[in-house]
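Results of the structural survey
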Amino acid sequence: QLQLVESGGGLVQPGGSLRLSCAASGLTLDYYAIGWYRQAPGKEREGVSCISSSGGSTNYADSVKGRFTISRDNAKNTVYLQMNSLKPEDTAIYWCQAVTTVLAKCVINEPWEHNSWGRGTQVTVSS
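If you're wondering where the values come from, they're calculated on a predicted model, not measured in any experiment.

Taking strand neighbours across the sheet as the criterion, the four strands line up as 1-3-8-7 in an open arrangement whose pairing is antiparallel. Either end of the sheet is taken by a strand with one partner, and the two such strands are strand 1 (3-7) and strand 7 (68-73). Each strand axis lies, on average, 20° off the axis of its neighbour in the sheet, ignoring direction. The pairing of strand 7 with strand 8 (residues 78-83) spans six bridges and is classified as antiparallel. Note on strand 8: the bridge partner recorded for aspartate 73 is threonine 78.

Pasting the structure below:
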């Protein structure tokens, strides 16, 4: 089973930046499209971004387009989410997960529910 560990969260002021990391253990990430997901208190989980296994295709939720950038370094078995211009509404727990691909493009709203979820990393945007 693909085990994923999220890190990099923290407390940041509005307008600030954070970079989240998603590290894999047990299996190499090379073959998996990976997505980032978040859930704020009282809200449903939402897909934030995803990246294909090669890195050639990415997808973003409208709420983060132009502010967040997903990338991957397969040599380091890690996927990143660079978050800039953070807003209070970005406050949530963030998780990474393998995602479904169709014609080599990741499908942001189809995470692998059969794969276990990690503990996530808390991002808090507040002054």
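Anyway, onward from the coordinates.
This brings us to the nonpolar core. Ranked by size, the top nonpolar core spans 29 residues in total, and within it Ile34, Trp36, Leu81, Met83 and Tyr94 carry the most contacts. Of all the secondary structure elements, the ones that give two or more residues to this core are strand 3 (18-25), strand 4 (33-39), strand 5 (46-51), strand 7, strand 8, strand 9 (92-102) and strand 11 (121-125). By size, the runner-up hydrophobic cluster in this structure holds six residues, among which are Ala33, Cys50, Val99 and Ile108.

What counts as what
Residues numbered from 1 in each chain as written. Predicted model: local features only at pLDDT ≥ 70, side-chain atom pairs only at ≥ 80, totals over all residues. Heavy atoms only, no water. Pairing = 2+ DSSP bridges. Helix = DSSP H or I, 4+ residues; strand = E, 2+ residues; numbered from the N terminus. Axes fitted to C-alpha atoms, helices over the stretch in contact; angles between N-to-C directions. Core = buried A, V, L, I, M, F, W, Y, C linked by side-chain atoms within 4.5 Å. Buried < 20%, exposed > 50% of the residue type's maximum accessible area, 1.4 Å probe, protein only.

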